[in-house]
Amino acid sequence: MAFELVKLGYDYTALEPHIDARTMEIHHTKHHAGYTNNLNAAVTGTDLEGKTIEEILAGVSGSTAAVRNNGGGFFNHNLYWDVIAPGGSPNPGGVLLDAISDTFGSVQNFKEAFVKAAVTRFGSGWAWLVLQENGLAVSSTPNQDNPLMDVAEIQGTPILGIDVWEHAYYLNYQNRRPDYVNAFWNLVNWDEVAGRFKG
Ligand code: MN3
């Protein structure tokens, strides 16, 4: 199998009370596993077989809906599990803090823009902090699209992302997406985000 479901670096219970264990278990073992299996099925026997996920996403406008949806779902959840951690980590520092301050004015302003993107994404999708050639941007994408895709309105390298599909929060938060998005700040692993910023 070309693409494999990652093992998480923490237990399903480890993100409580912000993300509950049942949500984590279903999200990983059903949703992410499904995207991974369906991506493999979609690329097997095609000229995409053997390509990296980044290569596939960069040319996704020429691919099937199955590749777009499941390739995005595979990549997006890999990032999501990595940028959150039990207890999170302190706010950004160093060059990432400088870049956030340059673009947004302050960390607080950045957080407000990110929350707004996450809360106002209609239906299912994601909100992102995106590294571009000329700095940072906040964006949101529908479904399992992401900024690596050549179809994305705002393109670049996502370094932080939040899943706002209902499957990511509904058991614990029901319709209260803003509560889930605000709780997310308790989990963000800024060391991981900073590592992605430096590439
Ligand atoms: Mn999801």
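One can find the structure itself at the top, above this paragraph.
Here we summarise the structure given alongside this text. (Residues numbered from 1 in each chain as written. Predicted model: local features only at pLDDT ≥ 70, side-chain atom pairs only at ≥ 80, totals over all residues. Heavy atoms only, no water.)

1. A look at the coordination of the manganese ion
Stated precisely, the cut-off is as follows: Donor atoms (N, O, S) are those found within 2.8 Å of the metal centre, with the cutoff raised to 3.2 Å for Na, K and Ca; water is not part of the atom list, so apparent gaps in a site can occur. Secondary structure elements are defined from DSSP: runs of H or I of at least 4 residues count as helices, runs of E of at least 2 residues count as strands, and each element is numbered from the N terminus. Residue burial is assigned from relative accessible area. The probe radius is 1.4 Å, only protein chains are included, and a residue is buried under 20% of its type maximum, exposed over 50%, and partly exposed in between.
With distances of 2.0 to 2.2 Å, the protein atoms coordinating the manganese ion are His27 (NE2), His77 (NE2), Asp163 (OD) and His167 (NE2). Each donor residue of the manganese ion lies on one chain, and together they are spaced H-x49-H-x85-D-x3-H. Here Asp163 lies in strand 3 (residues 157-163) and His27 lies in helix 1 (residues 21-43), a separation of 136 residues in the sequence. Side by side, His27 and Asp163 carry an identical accessibility label, which is buried.

2. Observations concerning the pairing of strand 2 (residues 135-142)
Heads up, the rule is: The pairing criterion for strands is at least two bridges between them, as found by DSSP.
Of the pairings in the sheet, the one linking strand 1 (residues 125-132) to strand 2 comprises 8 bridges and is antiparallel in character. Within strand 2, the residue paired with Trp126 across the bridge is Thr141. The hairpin formed by strand 1 and strand 2 contains 2 residues between the paired strands.

3. Details of helix 5 (residues 107-120)
Selection criterion: Residue count minus one, scaled by 1.5 Å, sets the expected span of a helix. Note that the arc is computed from the directions linking the helix axis to the C-beta atoms. Whether two residues are in contact is decided by their heavy atoms: any pair within 4.5 Å suffices.
End to end, helix 5 covers 20 Å across 14 residues, agreeing with the expected 20 Å (1.5 Å per residue, within 8%). Within helix 5, the full set of buried residues consists of Val107, Phe110, Lys111, Phe114, Val115, Ala117 and Ala118. For helix 5, the angular spread of the buried residues around the axis is 160 degrees, confining them to a single face. The outward face of helix 5, more than 90 degrees from its buried face, is lined by the exposed residues Lys116 and Thr120. Buried positions along helix 5 lie against helix 4 (94-104), strand 1, strand 2, strand 3, helix 7 (177-184) and helix 8 (190-198).

Everything listed here is a matter of geometry and, on its own, says nothing about what the molecule does.
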